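# Structural overview for review
Read off the chains here:
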Amino acid sequence: MSRLIATMPALFAGLFSACVPTEDGDLTQALEPEPELEGADAALPLLHERPDAPLLSEGLAPDCPALATDQVDIISHAELGDTAELSVTVTNACEAGLDLVVDHVAMVDHDASFELLTPVDDLALSAGESTTLRFSFTPAADFMHLADVTIFSNDPDVPEASLLLVGLVGNPDDLPEGKSGAAPTADAGSDQVVTTGDSHTLDGTGSSDPEGDTLTYRWSFLSVASGSSLANGDINNSLTDTADFTSDVDGQYRVRFVVSDSTSVDKDFVWVVASDGTNTAPTANSGADQNVTTGGLVTLDATGSSDPEGDTLSYTWSFRAVPSGSALGNSDISDRTTDTATFTPDVDGNYRLRLVVNDGSFSDKDFMWAYSTTGANDPPVADGGSHQTGVPNETFVMDGSGSSDPDGDPITYSWSFQSVPAGSALANGDISDSSTASPSFTADAEGRFRMRLVVSDGSATDKVFVNVDTAYTYTYSADVQAIYDSNCTSGCHSGGAPSAGLDLDVGTSYAASVDVVSSQDAGFDLVEPGDSANSYLWQKVDGSASTGQQMPPAGSPLDQADLDLIATWIDEGAPDN
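Residues numbered from 1 in each chain as written. Predicted model: local features only at pLDDT ≥ 70, side-chain atom pairs only at ≥ 80, totals over all residues. Heavy atoms only, no water.

## Things to note about unusual backbone geometry
Using the following cut-off: Counting from the N terminus, the helices are the DSSP runs of H or I reaching at least four residues and the strands are the DSSP runs of E reaching at least two. Exposed residues in this analysis have more than 50% of their type's maximum accessible area, buried residues have under 20%, and partly exposed residues fall in between, with area computed by a 1.4 Å probe over protein chains only.
Of note, the bond from methionine 551 into proline 552 is cis; its omega dihedral lies within 30 degrees of zero at -10°. Its place among the elements puts proline 552 in the loop between helix H4 (536-542) and helix H5 (560-571). Phi angles above zero are rare outside glycine, and aspartate 433 is one such case at about 55°. Assignment of secondary structure puts aspartate 433 in the loop between strand S23 (412-419) and strand S24 (440-442). A positive phi angle is found at alanine 574, which is not glycine, with a value near 50°. By secondary structure assignment, the location of alanine 574 is in the segment after H5. A residue is classified by how much of its surface remains accessible, and alanine 574, at 1% relative accessible area, is buried.

## Describing the confidence of the model for the protein
Short version of the rule: What pLDDT conveys is the predictor's confidence in a given residue, as a value from 0 to 100. The contact criterion used is simple: two residues touch if any of their non-hydrogen atoms lie within 4.5 Å.
Here the protein shows a mean pLDDT of 75. Residues at 70 or above account for 70%. Here residues 1-77 is a poorly scored stretch, pLDDT under 50, and it has 228 contacts once near neighbours within four places are set aside; other chains count. Between residues 103-110, whose pLDDT stays under 50, and residues either more than four places distant or in other chains, the model counts 26 contacts.

## Observations regarding the state of the cysteines
Quick note on the threshold: For this text, the term disulfide refers to a pair of cysteine sulfurs within 2.5 Å.
All told, the structure shown has zero disulfides when counted by the stated rule. As a non-bridged cysteine, cysteine 488 has cysteine 492 as the owner of its nearest cysteine sulfur, 7.7 Å distant.

## A look at the nonpolar core
Across soluble globular proteins, nonpolar side chains have a tendency to be buried as a group. Condition: In this text, buried Ala, Val, Leu, Ile, Met, Phe, Trp, Tyr and Cys residues form a nonpolar core when linked through side-chain atoms within 4.5 Å.
Counting residues in hydrophobic clusters, the biggest one holds 24 residues, and the most contacted among them are Tyr484, Val527, Trp538, Leu558, Ile566, Trp569 and Ile570. Elements represented by at least two residues in this core include exactly helix H2 (476-487), H4 and H5.

## A short note on the sheet that holds S23
To keep it simple, the criterion reads: DSSP-based pairing: two strands are paired if at least 2 bridges between them are found. The axes used here are C-alpha line fits, helices contributing only the stretch in contact, and every angle between their N-to-C directions lies in the interval 0 to 180 degrees.
Here we have four strands laid out as an open sheet, ordered S21-S26-S25-S23, and mixed in their pairing. What marks the edges here is a single partner per strand, and that holds for strand S21 (388-390) and S23. If you compare each strand with its neighbour and ignore which way they point, the axes differ by 25° on average.

What follows is the structure in structure tokens.
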């Protein structure tokens, strides 16, 4: 028995959250990260189902590991036809009570019988209380048998705990010569975004065994989309490394993949998000971050949330982090399933809250902070300077120097993009000196860049937004082309055989000149976007070209306004607008 246990590390992963320092010092209890789609569009929202919820400890008091997941109990030996027992201990290590439900025993092996012996419907565990769940196991064939048990809380924001039970038949010391019993590696493939009603392939071919043992495979649903009637029997070829199923409703399906080499097992999971395109996800808006008073009522406002189709939305608020020493849990949020909830902070520090909105098929989530103090410290005041206007390719310097703290505390600065216009590729990393009072960035598109400044005095924060609006003062089609039409295309740079091969007619002028090598001086492009001085077309119209005469010919140069417009157009990147 001890030899087998030593070779099955993947079966003994008790997952707990940890209390570790964060960027806010010791103010906040760090919580486990949320699971994310691996191969899917990161912007695609997940269904509000328990697999996407946090661990039981999240949002509760510190030092709260709650219920271990992926626990395994092993029978070392059982004769065929005999019935033995397995037991699983469930402990609520939180500082608040939890009501748990044993949902089902989902058979993974069809040739063995697992049955829940403990008469449990609603299992109420007070803080620190433990209980033992007993299961019977009746093997029907050698050598290993598996079953899934799901235990979850009646709190909709607390996830299920998945227990993998393992029953062994035969002597675990009777391994073949040269075999250590090292566990295989299960690989369920990448997460998928698919079309509802299509067949979706589940690919476990990346699984392997370190000793080259023959593997067996089992696919099963851990959860299905709300309203789906699918069950494990709807997974075709579920005992092979490549299975498939057809989604029946929009939503998210989580599939478990168990791989066995007859002595050890490993498991992996894959998300399949299905949509027929007729319904799109809502947008969650948890409102602005708040500076609040400890002991005072805090109002959470989700009324800014919306749905593109106007579907009725449901709301769920939960804590994602609470300050060290706080005893608050999700049940302390009043009206937490409405768009306007409240709670009362019990200690100074930072409270992070999550909002999930659901339109009946899809969900979106948003987060906000409530920074609570007793009033001894006044929050700083953020001042991001005036709104600015300019043109694309211009560098803008922001000004947060007007920010202050009423107590005279030193303040820190953090600038970020709240939003960028369509066509912009800028991200927060493109802001130079973003942790100073005066950062800068270079606009790369027309439109509005909305900047966010957050200032902190170490205990509280304030934030402000500054708009930077960029727009060209001309268009190529109306203004630059008009200069060509009036001065260049009349019998010269037009038609089938234009002078110097340069056709400046409407519809052809841009492609004929921008990033095109000059036929008279191959050392220059006709138009070098961003650099008028090294654009041969500009050199010709301002008379600085080393070859030929100034254009237009016959001693009639462009007036200064036209020259300025062409130079501005080139230096601003020669946009085709």
